[in-house]
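Summary of structural features
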Amino acid sequence: MTERRTLASLAAGERGKVMEIGGDGDAVRRLMDLGLTRGTTIEVIRRAPLGDPMEVRLRGFMLTLRRSEAEHITVE
Amino acid sequence: MSGEMLQTLLVGLVVLAALFYVGRRAWRTVLAGRASRDGGGCGDDCGCGH
Amino acid sequence: MDVAEAGAIPATHAPSPAPVRGGGLLHVALVGNPNTGKSTLFNALTGMRQRVGNYSGVTVERVEGRYRDADGHPVSVLDLPGTYSLSASSPDEEIALSVLLGRAQGVARPDVVVVVADAQNLERNLFLASQVLELGLPTVIALNQVDAALAAGIRVDAIELTLELGAPVVATVATKGEGLELLKRAVAKAVGLPPAGRRFELEPEAARAVAPLEACLVRGGLNPDAAGMEALRLLAVTQIGPHLAHVEGLAAAVEAARAAVEAAGITARSLEAEARYGWIAGVVERTATQTHTGKKTLTDRIDAVALHRVWGPLLFIVLMALVFQSIFSWAAPLMDRVEALFNALGGAVGSILPPGDLRSLVVDGVIGGVGSVLVFLPQIVILFLFIGILEDTGYMARAAFIMDRFMRSVGLHGRSFIPLLSGYACAVPGVMSTRTIEAPKDRLATIMVLPLMSCSARIPIYTLLIGAFIPPVAVAGIFNLQGMTLLAMYLLGTLTALAMAAVFKKTLLKGRARPMIMELPPYRIPSPRSLAMSVGHRASLFLRRAGTVILSLTIVLWALATYPKSHAAPGTPPAAAQEEQLAHSLLGRMGHAIEPAVRPLGYDWKIGVGIVSSFAAREVFVATMGTIYGVGSADETTPALRDRLKAERHERTGLPVYTPLVAVGLMVFYVYAMMCMSTMAVVVRETGGGRKGMAWAGFQFAYMLALAYGAAFLVYRGGLALGFH
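Along each chain, residue indices are assigned from 1 in the same order as the chain's sequence is written. Written order determines the labels here, with chains lettered from A and ligands numbered from 1. Reporting of local features is limited, given that this is a predicted model, to residues whose pLDDT is at least 70; pairs of side-chain atoms are given and counted only at 80 or more, and all residues count toward the totals for whole chains, interfaces and linings.

**Things to note about the overall build of chain B**
Runs of H or I in DSSP of at least four residues are treated as helices and runs of E of at least two as strands, each being numbered from the N terminus. Across its full length, chain B carries one helix and zero strands. Within chain B, the fraction of its 50 residues that count as buried is 26%. Once C-beta atoms are placed from the backbone, each residue is buried if 20 or more other C-beta atoms lie within 10 Å of its own, exposed if 12 or fewer, and partly exposed for counts between those two.

Below is the structure:
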C-alpha cells in the first residue's frame with residue numbers, strides 16, 4: 001500500500017491522489033471550490049525561488065499554495 | 001465700472017467658485033459617510049475621480 | 001473554426017416563445033472565473049459605453065455598460081467581479097451572489113445571467129456554472145477562449161454541453177470578437193426560457209438531511225432552486241453572509257443540517273464540492289475531448305524560466321527595472337512637452353490680457369494649476385499600460401508568487417508588491433490598484449504605507465536641492481555623490497514603507513495571514529483594444545476629476561498668496577516688492593505663523609511658506625520658491641533659482657539660510673510628508689469613503705507628518721551635533 005504523506009512534503013515532479021483534506025476555514029473551502037476533492041490527482045510542479053509558496057497542477061490548471069495550507073492535505 | 005473693478009469682480013467670482021467647489025466636495029464626502037449604514041462606499045462619486 | 005449554434009434545448013423543458021421585451025431595458029449580468037476573458041468580452045460587447053462606480057457599502061468596483069441587440073433593444077450589462085464560486089468568502093463573491101439573488105442594494109436583479117467559462121479549464125469553470133444554473137435565472141454560457149483550447153488540444157462539443165447543462169452554450173473568442181452576435185441572440189432568446197435548475201441529484205441521505213435547511217430558506221423568501229444552491233453552500237461556509245441575514249432561524253437550521261449530514265456518514269463541508277465535481281466529471285467526459293500533445297505548452301516553457309530559482313527573480317528584477325525606468329525616462333520627454341505647451345499657453349494668454357489680478361489668476365493660477373496636473377498624465381498612462389500588460393498576459397500572478405515570501409516577512413501579501421511599486425510613479429494609481437488585494441487588512445496596510453514610496457512629484461524637489469547643495473563629487477571612483485543622495489532618498493522611503501507595514505500589521509491591522517491560493521493562468525497575448533480602452537478610461541477619469549480638485553485648490557492658493565495686497569512704495573525694485581507682497585498676503589502670514597514650528601528644523605519663514613503652499617501638491621513647493629525668490633515661473637532646472645537659494649542669507653545673523661544640511665533635512669521632510677490632495681482624496685475613497693475614509697486619510701496624514709517632522713529634526717539637529725552645518 002502506498003504511503004500517505006502531506007502535500008507539503010511532496011517534491012517537485014511528484015504526484016499524489018488526495019486522501020484527506022484537513023485544516024479549517026476559508027482556505028479549505030476555497031481549495032475545494034477550485035476542485036481539490038478526495039480522489040483528485042495533484043502534481044507538484046515547483047516551489048517559489050524563496051521556497052514558499054508552491055505551484056501545483058490540479059484538474060488541468062496551475063495553482064499556488066503555501067506550505068502552511070499544503071500541510072493539511074494528505075495524499076498518497 | 002472701471003476696468004480694474006471689473007477685473008477684481010471677475011477674480012472674486014472665480015475664487016469664490018473655487019472655494020465653493022472645494023467645500024462642496026468635502027461636504028459631499030461627509031454626507032455620503034453619514035447616509036449609508038456602514039459609513040462606507042460612495043456610489044458613483046467620491047469627489048476624486050476614481 | 002466552428003462556432004456552435006445556440007438553441008438546442010432538451011425536449012423535457014418545453015420552451016415558451018421568447019416574450020417581446022417591449023423596448024424596456026434588459027438587464028444582463030456577466031459572471032465567471034477570473035482569467036476567462038470576461039472583461040474582454042464585456043468590452044467587446046459594450047465598447048466605450050461603460051460606467052465605473054461602486055456598490056454601496058463596499059469597495060467593489062461596479063462596471064456597467066450597454067449595447068443594442070439585433071432588434072435594437074437596449075441591453076444593460078453588469079460585469080460582476082470574477083469569482084471561482086458563489087461561496088461568498090470575499091467581498092467580490094458576496095456582491096456577485098447578492099446581485100444574482102436580487103438582494104443587492106440599488107442593483108436590479110438581472111433578467112439573464114451570462115456565465116463566461118474558459119474552455120481550457122472546463123471542469124473548474126463548470127463549478128461556478130452549476131451554482132449559477134441553480135439560481136432560477138435564465139442563463140447562457142459563453143464558452144470563451146475556444147481558440148486557445150483548440151491549440152492545447154481541447155475540443156468541446158457546445159451542443160452536447162447545452163444538453164447536459166440545460167442552458168444554451170455559445171462558443172466565443174472575445175479577443176477576436178467571434179461568437180458575439182450569436183451570444184447576443186442567445187441572450188435575447190434566453191429571457192423566455194425556463195431556468196435549468198440542478199442537473200444532478202444528491203444521495204438520498206444527504207438530500208434528506210438538507211431538506212429542512214432548504215425549507216427554512218424558502219420560508220425566508222428564496223425560490224426553491226436558489227434555496228437548494230444556498231443550502232449546499234451553507235454547509236461549508238464559516239459565516240452566513242449579510243444577504244441572508246433576514247432569514248429567521250438560519251444559523252440553527254444550518255447547524256442541524258450539518259449534524260444530520262455528518263450523522264449520515266458524509267463530511268458536511270465537502271458535500272457541495274464532491275457532489276458538483278462528481279457530476280462535472282461525467283459531463284466533461286461526455287462533452288470534451290483532450291488530445292494530449294505530449295510536448296510542453298508555451299506557458300510551461302516560459303514558466304520554466306519565469307519561475308526558475310535563479311532566472312525567475314532575475315527576470316523579475318529586469319522587468320521591474322524596465323517598468324520603473326520607463327515611467328521616468330519615457331514619460332519625461334512627454335512630460336516636458338506638456339509643460340512646454342502650458343508655458344506657451346500661459347505666455348500667449350498673458351500677452352492678450354491686460355496686466356492685473358485677472359491675468360495673474362489665469363496665467364499663474366488656472367493655467368499653471370491645470371498644467372501641473374496634466375504633467376502627470378503620461379506617467380499615469382504608461383503605468384496603467386504596463387500594469388495592464390503584465391496582468392493581461394498573466395505575468396502578474398507570477399510576480400506575486402515570487403514576491404510572496406518576502407512580502408510576508410513584513411506582514412503583507414505577495415499581491416501588495418505591484419501596487420507598492422506603482423507608488424514610485426504616483427501614489428494615486430498605486431492606491432487604486434490595491435483592489436486586487438483581497439484581505440481588507442492587508443489592503444489597508446498597503447494603502448497606508450504606499451505614499452512613502454517616493455513618488456515622481458518629489459523629484460523636482462530632490463533635483464532642485466541636490467543640484468544646488470550637494471557637490472557633484474565622485475565617491476569610490478564610479479559613484480556620484482549627487483546620484484547617491486537621490487538613491488538614499490528613495491531607499492529611505494522604501495525601507496520606511498516596509499517597516500511601517502510591518503508595524504501596522506503587528507498592531508492596528510493585525511490579522512491572520514490570508515491564504516495565498518491563486519491561479520497561475522496560461523500566458524496569453526492581451527487584446528490591444530481592450531487594453532487601450534481600460535487605460536483610456538482610467539486616464540480620462542483621472543484627468544477629469546483630479547483636474548477639477550487641483551484646479552480649485554490652485555485658485556484658492558493663488559488667492560491666499562495675492563491677498564491682502566501690499567502697496568509698495570513706487571521706487572522699490574520688483575524683487576523686493578514681490579517679497580513684501582508675499583509677506584503681507586495671507587499665505588505669507590501663515591508662513592510667518594508657522595515659522596516657530598519649523599525653526600528647529602533649520603528653516604526660515606520663506607521655506608515655511610513653501611511647505612504650507614505645497615500641502616496640496618508637493619511640486620508646488622518648487623514653483624512657490626520660484627515666486628518667493630522673484631524668479632518668475634521657475635522650474636527645478638532654472639539656474640537662477642539655485643543661485644538665489646545659495647545666496648540667501650538670514651536677516652539677522654547673516655548666515656546662509658540654505659546649507660547642505662538644511663537641504664538634506666528638507667529633502668528628508670519631503671520623503672515622509674503626505675502632501676498630495678489627489679492621494680488623500682483617493683485614500684478616502686479606497687478606505688471606505690465618508691467618515692471612515694476620512695479617518696484613515698487623516699491618520700495617514702498625521703503619522704506621515706510626524707515622521708517627516710521627527711526625521712527632519714533628527715537629521716538637522718543630529719547633523720549640527722556631529723559638526724556639520
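After presenting the structure, the write-up continues.
**What to know about the overall build of chain C**
A count of helices and strands for chain C gives 29 helices and twelve strands. Expressed as a percentage of its 725 residues, the buried residues of chain C come to 48%. In chain C, 71% of the contacts between residues at least 6 apart in sequence involve partners at least 24 apart. Contact criterion: two residues are in contact if their C-beta atoms, reconstructed from the backbone, are within 7 Å.

**Some details on the sheet that holds strand β5 (residues 61-65) of chain A**
Spatially, β1(A)-β6(A)-β2(A)-β3(A)-β4(A)-β5(A)-β12(C) is the arrangement adopted by the seven strands of the open sheet, whose pairing is antiparallel. The open sheet has two edge strands with one neighbour each: β1 (5-6) of chain A together with β12 (518-520) of chain C. A pair of strands counts as paired when DSSP detects no fewer than two bridges linking them.

**Description of helix α18 (residues 440-449) of chain C**
With eight of ten residues buried, α18(C) is to be regarded as a mostly interior element. By the burial criterion, the buried members of α18(C) are C:D442, C:R443, C:L444, C:A445, C:T446, C:I447, C:M448 and C:V449.

**Here's the deal with the interface of chain A and chain C**
Listed per partner, the contact involves 30 residues of chain A and 30 residues of chain C. Listed by contribution, the elements that provide at least two residues to the side of chain A that touches chain C are α1 (26-33) and β5 of chain A. Per element, the largest residue contribution to the side of chain A that touches chain C is seven residues, and it comes from α1(A). Under this grouping Gly is polar, as are all residues other than the nonpolar Ala, Val, Leu, Ile, Met, Phe, Trp, Tyr, Cys and Pro and the charged Asp, Glu, Lys and Arg. Broken down by class, the residue content of the side of chain A that touches chain C amounts to 13 nonpolar, six polar and eleven charged.

**Structural notes on the pairing of strand β1 (residues 26-32) of chain C**
All names here are of chain C. Most of β1 is tucked away, with five of its seven residues classed as buried. Pairing of β1 with strand β4 (residues 74-79), which is carried by five bridges, proceeds in the parallel orientation. Bridging across to β4, L30 finds its partner in D79. Across five bridges, β1 lies against strand β5 (residues 112-118) in parallel orientation. When the bridges of β5 are listed, V31 appears paired with V115.

**So, the nonpolar core**
Grouped together as the largest cluster of nonpolar side chains are 221 residues, with contacts concentrated most on C:V115, C:A142, C:L143 and C:M667. By residue number, the principal contributor to this core is helix α27 (residues 660-672) of chain C, which donates ten residues. Any nonpolar core is a set of buried residues, restricted to Ala, Val, Leu, Ile, Met, Phe, Trp, Tyr and Cys, that join up through C-beta atoms within 7 Å.

**Describing the packing of α18(C) against helix α20 (residues 481-506) of chain C**
All names here are of chain C. Angular values range over 0 to 180 degrees, each being the angle between N-to-C directions of two axes fitted as lines to C-alpha atoms, with helices fitted over their stretch in contact. Where α18 meets α20, the axes come as close as 9 Å, and the angle between the chain directions of the two elements is 145°. Considering the relative orientation of α18 and α20, their crossing is right-handed. For the pair α18 and α20, contact is made by A445, M448 and V449 and by A497, M500, A501, F504 and K505, respectively. Note on convention: the crossing is left-handed when the near helix lies turned anticlockwise from the far helix by less than a right angle, right-handed when the turn is clockwise.

**Quick word on the confidence of the model for chain B**
Overall, the prediction assigns chain B a mean pLDDT of 63, with 50% of residues at 70 or greater. Contacts from residues 35-50 of chain B, a stretch scored under 50 in pLDDT, to residues over four places away or in other chains number 55 contacts. The quantity known as pLDDT measures the predictor's confidence residue by residue, on a range of 0 to 100.

**A closer look at the pairing of β5(C)**
All names here are of chain C. β5 sits mainly inside the fold: seven of its seven residues count as buried. Going residue by residue along β5, you find V112, V114, V116 and D118 tucked away on one face and V113, V115 and A117 tucked away on the opposite face as well. Each parallel crossover has a hand, and the one from β5 via helix α3 (residues 122-133) to strand β6 (residues 139-144) is right-handed. A crossover gets the label right-handed when its path from the first strand over the helix to the second runs clockwise, viewed with the strands pointing away from the viewer.

**As for helix α9 (residues 250-263) of chain C**
Residue and element names in this part refer to chain C. Expected span of a helix: the number of residues minus one, times 1.5 Å. The terminal C-alpha atoms of α9, which comprises 14 residues, lie 20 Å apart, in line with the 20 Å expected from a rise of 1.5 Å per residue. Those residues of α9 that sit buried are A253, V254, A257, R258 and V261. Relative to the axis of α9, the buried residues are bounded by an arc of 135° and lie together on one face. Of the exposed residues in α9, the ones pointing more than 90 degrees away from its buried face are A252, E255, A259 and A263. Working definition: the arc comes from the directions between the helix axis and the C-beta atoms, pointing outward to the latter.

**Observations concerning the packing of helix α7 (residues 204-219) of chain C against α9(C)**
Residue and element names in this part refer to chain C. Where α7 meets α9, the axes come as close as 8 Å, and the angle between the chain directions of the two elements is 175°. Comparing the axis directions of α7 and α9 gives the class roughly antiparallel. Across the interface between the two elements, A206, A209, V210, P212, L213 and C216 of α7 pack against L250, A253, V254, A256, A257, A260 and V261 of α9. Broken down by class, the residue content of the contact of α7 with α9 amounts to 13 nonpolar, no polar and no charged. Each angle receives one of four descriptions, namely roughly parallel if under 35 degrees, roughly antiparallel if over 145, roughly perpendicular if within 65 to 115, and oblique otherwise.

**A word on the environment of C:T485**
Residues and elements named next belong to chain C. Locating T485 in the fold gives a position in helix α20. For T485, a count of 18 C-beta atoms within 10 Å corresponds to the partly exposed category. Counting along the chain gives 23 residues from T485 to Y462, while the straight-line C-alpha distance between them is 9.0 Å. T485 has contacts with I466 and I470, leaving out every residue within four places of it along the chain.

**Details of unusual backbone geometry**
Not every positive phi belongs to a glycine, and A:R59 is a case in point at roughly 45°. Within the secondary structure, A:R59 sits in the loop between β4 (54-58) and β5. In this model, C:N35 sits at a positive phi of 65°, which is unusual for a non-glycine residue. For C:N35, a count of 22 C-beta atoms within 10 Å puts it in the buried group.

**Some points on the confidence of the model for chain C**
All names here are of chain C. Averaged over every residue, the pLDDT of chain C is 80; the share at 70 or more is 86%. Ignoring residues within four places in sequence, the model shows residues 1-22, a span with pLDDT below 50, making 36 contacts including any to other chains. In the model output, the complex is listed with pTM 0.75 alongside ipTM 0.92.

**Observations regarding the environment of C:I466**
Residue and element names in this part refer to chain C. You can see I466 is positioned in helix α19 (residues 459-469). The exposure class assigned to I466 is buried, which follows from the 23 C-beta atoms found within 10 Å. Note: C-alpha distance between I466 and G411 (55 residues apart in sequence) is 34 Å. In contact with I466, other than residues within four places in its own chain, are Q482, T485 and L486.

**Section: the environment of C:R109**
By secondary structure assignment, the location of C:R109 is in the loop between α2 (91-101) and β5. For the pair C:R109 and C:R258, spaced 149 residues apart in the sequence, the C-alpha separation amounts to 30 Å.

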